[in-house]
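Structural description and commentary
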Amino acid sequence: MLHNYLKGAVSDLSALIDLTQSDIDDIKIANHEDIFERNFKKQEFIKSFESKKNLIDQEIISLKNKFPDKSLDQLIDEGSSELLGQMKQNLINLKELNANYARIVFAVSEFYSSLIQKIIPHEICDYKGNRAPESSFLKIQA
């Protein structure tokens, strides 16, 4: 069973890596609709991975409880050991991709925020009550 859970977890992580790479590619060309649509798929893969990881943990704990004197290397076969290595590498890759994606998302967010600040002025006061100069691009009257 452990082998099957590991295969499924590696597969889920690979799918998440592919989806995240697609998100990075699409955000660069402002294809936001596809990014939003992929969020649901990503959430499903995350839940699936978390479920499989919990099952993997339970299997390893069960093995360790049955054979407390043996190390993990002695308890799992070579195939499971390789799959654990693949899972670890996929997690590292996904972490790096997510960090890169987060930097891009932050930059896009800052761009849009600064653009809105220039288009629609709002009063900014400092601690002393002094007001910052307003934008001359657009004035709002209420």
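Right above here is the structure, for reference.
Anyway, here's the lowdown on the structure attached to this text. (Residues numbered from 1 in each chain as written. Predicted model: local features only at pLDDT ≥ 70, side-chain atom pairs only at ≥ 80, totals over all residues. Heavy atoms only, no water.)

1. A closer look at the packing of aromatic side chains
For the structure on display, the rule yields one aromatic pair. In this structure, K70 is placed above the aromatic ring of F67, and the distance from its NZ or CZ to the ring centre is 5.1 Å. (Phe/Tyr/Trp six-rings, centres within 6.5 Å; stacked < 30°, edge-to-face > 60°. Lys NZ or Arg CZ within 6 Å of the ring centre and 35° of its normal.)

2. Examining the nonpolar core
Membership of the largest hydrophobic core comes to 21 residues, with the highest contact counts inside it found for L2, L6, L13, I56 and M87. Secondary structure elements with two or more residues in this core: α1 (2-28), α2 (32-66) and α4 (78-119). With 10 residues, α1 is the single largest residue contributor to this core. If sequence neighbours within four positions are ignored, M87 has contacts with L6, A9, V10, L13, F49 and I56. (Core = buried A, V, L, I, M, F, W, Y, C linked by side-chain atoms within 4.5 Å. Buried < 20%, exposed > 50% of the residue type's maximum accessible area, 1.4 Å probe, protein only. Helix = DSSP H or I, 4+ residues; strand = E, 2+ residues; numbered from the N terminus. Contact = heavy atoms within 4.5 Å.)

3. Concerning the packing of α1 against α4
At a minimum axis separation of 9 Å, α1 and α4 run at an interaxial angle of 20°. As judged from the angle between their axes, α1 and α4 are roughly parallel. Seen from above, α1 lies across α4 with left-handed handedness. Classifying every residue of the contact of α1 with α4 by side-chain character gives 19 nonpolar, 11 polar and three charged. (Axes fitted to C-alpha atoms, helices over the stretch in contact; angles between N-to-C directions. Parallel < 35°, antiparallel > 145°, perpendicular 65-115°, else oblique. Left-handed = near helix turned anticlockwise from the far one by under 90°. Nonpolar A, V, L, I, M, F, W, Y, C, P; charged D, E, K, R; others polar.)

4. What to know about the environment of F45
Tracing the chain through its elements places F45 in helix α2. Exposure remark for F45: the relative accessible area of 29% places this residue in the partly exposed category. Between the C-alpha atom of F45 and that of S11, which follows or precedes it by 34 residues, the distance is 9.3 Å. Dropping the residues within four chain positions of it, F45 is found in contact with D12, A15, L16 and L19.

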